[in-house]
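Residues per chain are reported as follows:
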Amino acid sequence: VASAITLATAPDAPTDLSATVISANEIDLSWTASASPDASGYVIYTSTDGTNFTAFDEVAADQTSYQATDLTPGVNYTFQVTTDGSGGESVPSNQASGATPLAPPSDLSATISQSDQIDLAWTDNSLETAQTIILISTDGTNFTQLAEVDAGINVYSATGLTPDQAYNFKVTADYSSGECADP
């Protein structure tokens with residue numbers, strides 16, 4: 001009498017993986033479920049070089065989307081997903097990529113230094129890769145470009161202003177890649 005146990009085969013991979021950049025810290029993923037009846041879940045992998053992947057998270061078998069959060073701004077992420085089942089993990093799905101934009105400048109402050117001058121300062125979140133655009137308004141709604149300063153500079157003096165006039169300022173970044181979160 002001979003007996004044997006057949007080995008479980010790995011489940012089918014999920015398909016049609018897509019990535020949508022939501023913010024400087026989030027990329028949303030979606031995929032088509034594996035056709036394997038023994039799928040017990042999905043393993044989400046990420047890479048910042050498109051070659052070396054590490055497990056990022058696991059989700060249940062009935063889930064076909066995922067919000068990758070707490071990501072680093074200004075990084076290109078590549079994802080792939082495998083199906084987990086009784087026969088192990090499937091081969092990876094197709095790859096999907098998204099680049100999180102760098103955060104815009106923040107913590108803008110304005111200090112009156114003379115009757116016709118306001119000094120501005122802000123935090124440069126561009127890793128010194130973007131020029132900063134300074135916008136000005138007298139009504140707080142309609143802004144126009146006042147100046148543009150080089151990457152790495154985080155101060156500007158607005159001069160020649162009308163005394164006793166209220167001014168509003170915004171700063172935003174001009175990234176050569178076109179990737180910037182809204183101010």
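Computed from a predicted model, the values in this text were never measured in an experiment.

Cut-off values and rules
Residues numbered from 1 in each chain as written. Predicted model: local features only at pLDDT ≥ 70, side-chain atom pairs only at ≥ 80, totals over all residues. Heavy atoms only, no water. pLDDT = per-residue confidence, 0-100. Contact = heavy atoms within 4.5 Å. Core = buried A, V, L, I, M, F, W, Y, C linked by side-chain atoms within 4.5 Å. Buried < 20%, exposed > 50% of the residue type's maximum accessible area, 1.4 Å probe, protein only. Helix = DSSP H or I, 4+ residues; strand = E, 2+ residues; numbered from the N terminus. Phe/Tyr/Trp six-rings, centres within 6.5 Å; stacked < 30°, edge-to-face > 60°. Lys NZ or Arg CZ within 6 Å of the ring centre and 35° of its normal.

### A word on the confidence of the model for the protein chain
When pLDDT is low, close inspection of the predicted coordinates is not appropriate.
1) Next: When pLDDT is averaged along the protein chain, the result is 89; 92% of the residues meet or exceed 70.
2) Next: In this model residues 177–183 is a low-confidence stretch, pLDDT under 50, and it forms 17 contacts with partners more than four residues away in sequence or in other chains.

### Overview of the nonpolar core
1) Next: Ranked by size, the top nonpolar core spans 14 residues in total, and within it L17, L29, W31, I44, Y66 and F79 carry the most contacts.
2) Next: Put simply, the parts of the chain that give this core at least two residues each are β2 (26–32), β3 (39–47), β5 (65–68) and β6 (76–85).
3) Next: Counting residues in each nonpolar core, the second largest holds 12 residues, with L120, W122, A147 and A158 among its members.

### Brief notes about the environment of S109
1) Next: Looking at where S109 falls in the secondary structure, it is placed in strand β9 (residues 106–114).
2) Next: The exposure class of S109 is partly exposed, given its relative accessible area of 35%.
3) Next: For S109 and T172, which are 63 residues apart along the polypeptide, the C-alpha to C-alpha distance reads 14 Å.
4) Next: Excluding residues within four positions of it along the chain, S109 makes contact with D119, L120 and A121.

### Remarks on the packing of aromatic side chains
The description of an aromatic ring pair uses the distance of the two centres, along with the angle that the planes make with each other.
1) Next: Per the counting criterion, the structure on display carries five aromatic pairs.
2) Next: Plain terms: the ring middles of F56 and Y66 are 6.3 Å apart, the flat faces sit at 90° to each other, and that makes the pair edge-to-face. Of this pair, F56 sits in strand β4 (residues 54–60) while Y66 sits in strand β5; the two residues are 10 residues apart in sequence, bridging distant segments of the chain.
3) Next: Residue classification places F56 among the partly exposed positions, given a relative accessible area of 31%.
4) Next: One aromatic cluster is present, built from ring pairs that chain together F56, Y66, Y77 and F79.
5) Next: Directly above the aromatic system of F143 lies the positively charged group of K170, at a separation of 4.5 Å from the ring centroid.

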